[in-house]
2 protein chains.
Amino acid sequence: MTDDASARAVRPTLAAVAARAGVSASTASLAFSGAGPVSVETREKVLAAAEALGYAGPDPRAASLRRGRSGVLGVVIEDRLREAFRDPMNIAMLDGIADEAGAAGAALLLLTDAAGGRTDIASASMDAVILVGCSTRLDDSVAILRQRGMPMVAVEADAMDGVLGIDLDNRAASATLARHLRELGHDRVAVVSLPLDDSGEPGRLPGDWRLRARSHTARERLEGVADVYPAFGGRVAEGSTIEAGREAGMAILGEADAPTAVIAQSDLLAVGVIRAAEELGLRVPEDVAVVGFDGIRRDDANGIDLTTMVQPAVAKGRAAGRAAFSLLDGDEPARQLFTSEFRRGATT
Amino acid sequence: MTDDASARAVRPTLAAVAARAGVSASTASLAFSGAGPVSVETREKVLAAAEALGYAGPDPRAASLRRGRSGVLGVVIEDRLREAFRDPMNIAMLDGIADEAGAAGAALLLLTDAAGGRTDIASASMDAVILVGCSTRLDDSVAILRQRGMPMVAVEADAMDGVLGIDLDNRAASATLARHLRELGHDRVAVVSLPLDDSGEPGRLPGDWRLRARSHTARERLEGVADVYPAFGGRVAEGSTIEAGREAGMAILGEADAPTAVIAQSDLLAVGVIRAAEELGLRVPEDVAVVGFDGIRRDDANGIDLTTMVQPAVAKGRAAGRAAFSLLDGDEPARQLFTSEFRRGATT
DNA sequence: GGTGCTTCTCGAATCGATTCGATCGATTCG
DNA sequence: CGAATCGATCGAATCGATTCGAGAAGCACC
């Protein structure tokens, strides 16, 4: 296929198509983009010429340079996709973002908030960026993006100048769960917390978590518990996974003065805690009550009917997407707050 | 902040930086890219000027136009991210791709193989594309991308002209599982298959699946079973989820002449089948043996120790990534075949 | 028939960088 | 001491489209 090879070697340009169609480049452009009046006849000539030359449409690089838009929405997530996507909430949110991006004809660029090679954040071509808050070390990225004049939306992150926030009622929702437990008569509760920072070290929840917690979500959810139970202990998990929850659960429930209720900061963690309880021969909820957070599908929760707060993850993602495009249009969308809904399951 | 607003309004250009530093634009470009000799003194002048003007580095749009590279690797996946990412295998593979992309300084563009708005596949700016095979309707996308002269790599897909294949020994691996069951004395087995096409309709496995199956992976795995059990029935699941597996399992195990062994085409499906068995009061493996495929972590398998074939998903992703960049460099990488490893669990 | 529209088309400027070849001292080599 | 070499810098061309303003043609109305 010499034809194929040469076609790859020198892709035809709009100018070539225009020449073959016997029109100017500007007219050809109009024929493709549909912006501006072009006679049917001319458009067909252009399209025929394109077909003949194997022209695949305007080069997006050139178009985006001229237009000043690239049609790409950046999404900054945690280091490892595998970690980030282990949590169904993140996926649901990303799906929401993808919905909006698709509707706006934009594609999604996945950027990882890696410490070392932050080259892509600095040099990827995109029109706006959504920062996913679970990433704890956003500041550097934000600084770079701000310098680039990039519209930014952050989901569940501390308020930052020039960054539109899409928030969740983490604190109030956690307080709701805590109150639920108190009403059931529990007076000694322990928390299994999401990682407080990006060190990823599991361990005992430090007393000065207010100072230490760099993760917005983890801190807010802790505050919520503190609003109801001024004093409580717990563990920091390694991540939002069942296994991490199991480990934390073993540590908490294995001790002498084990609490009668455990507040896990995510449903996956809660499932892990319950598994630990089973392994230790404890009955849930008789011996120990467990609550989660998120409202994952029962399918993802090993079939366990958790007491939890159901958060609107997809809606959150959608809102973030819409906000990003709205910023792009020069509007000034307001920050949004999503609320979670209490769902009583069989674990309390 | 008028400063902030104006900075966003008119981002400084390289030319402006160069002017302020008292050098030519070409020299300033060299100072940033590091390509070509620039005296330390000059570079610092340029950098200082950039700093003063709040210049965030060369505009990626312009750079990619000129260079002819955009530093973006496209990944085409199923319609809904939520569906695609429900399967840990896909995530693991994506993680492998991300590893290689990161190493090559490229970012990942997520493209969904949607029926309607295929605008992004036609017009996203990227340097190469990886097609994830589970997407059943690749042909259209491939045609468009081929026209664009885009280097393509496909993971687990039927061989296509101009598309580099990264394959898995689906057929042989499935045959291994089937043989394992036959050695255990099972003579009536049923298969729970991945969707055969993108209709997503669950139902009885049609006898003419060879003709019907448009999904490469599903078909190959069926062939593998057929190599050992010439005749077998089964169900087509709605997707690779526990719930879909449970539904299929109920249908299969609830019938009068239920098989003594079920071959599920993915571990998630297998977990679902096992759950169905439990609900029907059947013991695994005593009453019914179940095998899966993939080798997901026990954590993701509800703690079940499955008999399965462990496939190297991350390595597959890595290979796909490397192959894409290799194509980009003008090399001619060979198609690769990955092999899965038998792992005997407690379900047979 | 002239005037005032609308519809279509074109030329030229522009987006913001990268890169090739040329230039110009300064240094080194024969 | 002339020539060759090297490092640093610059000017100009180029990447491939989009868009603005202007011009031409066609038409209707008074």
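Note that the coordinates shown come from a computational prediction; the quantities given were computed from them, not determined experimentally.

## Thoughts on the relation of the copies chain B and chain A
Logical step 1: Superposing chain B onto chain A takes a rotation of 180° combined with a translation of 0.0 Å along the rotation axis, leaving an RMSD of 0.1 Å. What the superposition gives is, in effect, a two-fold axis relating one chain to the other. Within chain B, leucine 109 of chain B has its C-alpha nearest the rotation axis, a separation of 2.2 Å.
Logical step 2: An overlap of 100% is found between the interface residues of chain B and their copies at the interface of chain A, pointing to a shared contact surface.

## A short note on the interface of chain B and chain A
Logical step 1: If you look at the interface, chain B gives 47 residues, while chain A gives 47 residues.
Logical step 2: A class-by-class count of the residues in the side of chain B that touches chain A yields 20 nonpolar, 16 polar and 11 charged.

## Quick look at the protein's contact with DNA strand C
Logical step 1: Close to DNA strand C lie 29 residues, the nearest being Ser26 and Pro37 of chain A together with Thr13, Leu14 and Ser26 of chain B.
Logical step 2: Of all the elements in the fold, those that place two or more residues in the surface near DNA strand C are α3 (25-33) and α5 (60-67) of chain A together with α2 (14-21), α3 (25-33) and α5 (60-67) of chain B.
Logical step 3: Looking at the surface near DNA strand C, the element that brings in the most residues is α3 of chain B, giving six residues.
Logical step 4: Partitioning the surface near DNA strand C into residue classes produces 15 nonpolar, 10 polar and four charged.

## Comments concerning the domain arrangement of chain A
Many structure descriptions define interface size as the accessible area lost when the parts assemble.
Logical step 1: Assigned domains of chain A: these are domain 1 (1-57) and domain 2 (170-310).
Logical step 2: Relative to domain 2 of chain A, the C-alpha centre of domain 1 of chain A lies at a distance of 61 Å.

## Some words on the sheet that holds strand β4 (residues 152-155) of chain A
Logical step 1: If you trace the 12 strands from one edge of the open sheet to the other, you get β12(A)-β5(A)-β4(A)-β3(A)-β1(A)-β2(A)-β2(B)-β1(B)-β3(B)-β4(B)-β5(B)-β12(B), paired in mixed fashion. Every other strand in the sheet has two partners, leaving β12 (336-338) of chain A together with β12 (336-338) of chain B as the edge strands with one partner each. Taking each pair of neighbouring strands and ignoring which way they run, the sheet shows an average axis angle of 20°.
Logical step 2: In this sheet, strand β2 (residues 107-112) of chain A lies alongside strand β1 (residues 72-77) of chain A in parallel orientation, the contact comprising six bridges. In the sheet register, valine 72 of chain A faces β2 of chain A, and the bridge partner there is alanine 107 of chain A.

## Considering the sheet that holds strand β9 (residues 261-264) of chain A
Residues and elements named next belong to chain A.
Logical step 1: Ordered in space as β7-β8-β6-β9-β10, the five strands form an open sheet in which the pairing is mixed. What marks the edges here is a single partner per strand, and that holds for β7 (203-204) and β10 (289-291).
Logical step 2: Sheet analysis places strand β6 (residues 189-193) next to β9, joined by four bridges and oriented parallel. Paired with alanine 190 across the two strands is valine 262, which belongs to β9.

## Section: the packing of helix α2 (residues 14-21) of chain A against α3 of chain A
Residues and elements named next belong to chain A.
Logical step 1: Orientation of α2 relative to α3, taken along the N-to-C sense of each, is 105°, at an axis distance of 8 Å. On the basis of the axis angle, α2 is roughly perpendicular to α3. In this structure, α2 uses Leu14, Ala15, Val17, Ala18 and Ala21 to contact α3, whose residues at the interface are Ala25, Thr27, Ala28 and Ser29.
Logical step 2: The residue makeup of the contact of α2 with α3, split by class, is seven nonpolar, two polar and no charged.

## Notes on the pairing of strand β8 (residues 233-236) of chain B
For a regular strand, the rule is simple: side chains alternate between the two faces of the sheet.
Logical step 1: The pairing of strand β6 (residues 189-193) of chain B with β8 of chain B spans four bridges and is parallel. Paired with serine 193 of chain B across the bridge in β8 of chain B is valine 236 of chain B.

## Remarks on the protein's contact with DNA strand D
Logical step 1: Every one of the 29 residues lining DNA strand D counts as a neighbour, but Thr13, Leu14 and Ser26 of chain A together with Thr27 and Pro37 of chain B are closest to it.
Logical step 2: Elements supplying a minimum of two residues to the surface near DNA strand D: α2, α3 and α5 of chain A together with α3 and α5 of chain B.
Logical step 3: Ranked by the residues each element gives to the surface near DNA strand D, the list is headed by α3 of chain A, at six residues.
Logical step 4: Across the surface near DNA strand D, the residue classes tally to 15 nonpolar, 10 polar and four charged.

## What about the confidence of the model for chain A?
Logical step 1: For chain A, the mean per-residue pLDDT works out to 91, and 95% of the residues sit at or above 70.
Logical step 2: In the predicted structure, residues 1-8 of chain A sits below a pLDDT of 50 and forms three contacts with residues beyond four places in sequence or in another chain.

## Structural notes on helix α14 (residues 267-279) of chain B
Residues and elements named next belong to chain B.
Logical step 1: If you check α14, its first and last C-alpha atoms are 18 Å apart, about what 13 residues at 1.5 Å a residue would give, namely 18 Å.
Logical step 2: Most of α14 sits inside the fold, with 11 of its 13 residues counted as buried.
Logical step 3: Along α14, the positions that sit buried rather than exposed are Asp267, Leu268, Leu269, Ala270, Val271, Gly272, Val273, Ile274, Arg275, Ala276 and Ala277.
Logical step 4: Residues of α14 that are buried in the fold lie against β6, α13 (242-253), β9 (261-264), β10 (289-291) and β11 (308-310).

## Quick look at unusual backbone geometry
All names here are of chain A.
Logical step 1: Cis geometry marks the peptide bond from valine 284 to proline 285; its omega dihedral reads 5°.
Logical step 2: As for its placement among the helices and strands, proline 285 is situated in the loop between α14 (267-279) and β10.
Logical step 3: Phi is positive for glutamate 156, which is not a glycine, with a value near 50°.
Logical step 4: For glutamate 156, the position within the fold is in the loop between β4 and β5 (163-168).

Basis of the calculations
- Residues numbered from 1 in each chain as written.
- Chains lettered and ligands numbered in written order.
- Predicted model: local features only at pLDDT ≥ 70, side-chain atom pairs only at ≥ 80, totals over all residues.
- Least-squares fit on C-alpha atoms with pLDDT ≥ 70 in both.
- Contact = placed C-beta atoms within 7 Å.
- Nonpolar A, V, L, I, M, F, W, Y, C, P; charged D, E, K, R; others polar.
- Near = placed C-beta within 6 Å.
- Helix = DSSP H or I, 4+ residues; strand = E, 2+ residues; numbered from the N terminus.
- Domains from an automatic or database assignment.
- Pairing = 2+ DSSP bridges.
- Axes fitted to C-alpha atoms, helices over the stretch in contact; angles between N-to-C directions.
- Parallel < 35°, antiparallel > 145°, perpendicular 65-115°, else oblique.
- pLDDT = per-residue confidence, 0-100.
- Expected span 1.5 Å × (residues − 1).
- Buried ≥ 20, exposed ≤ 12 C-beta atoms within 10 Å, placed from the backbone.

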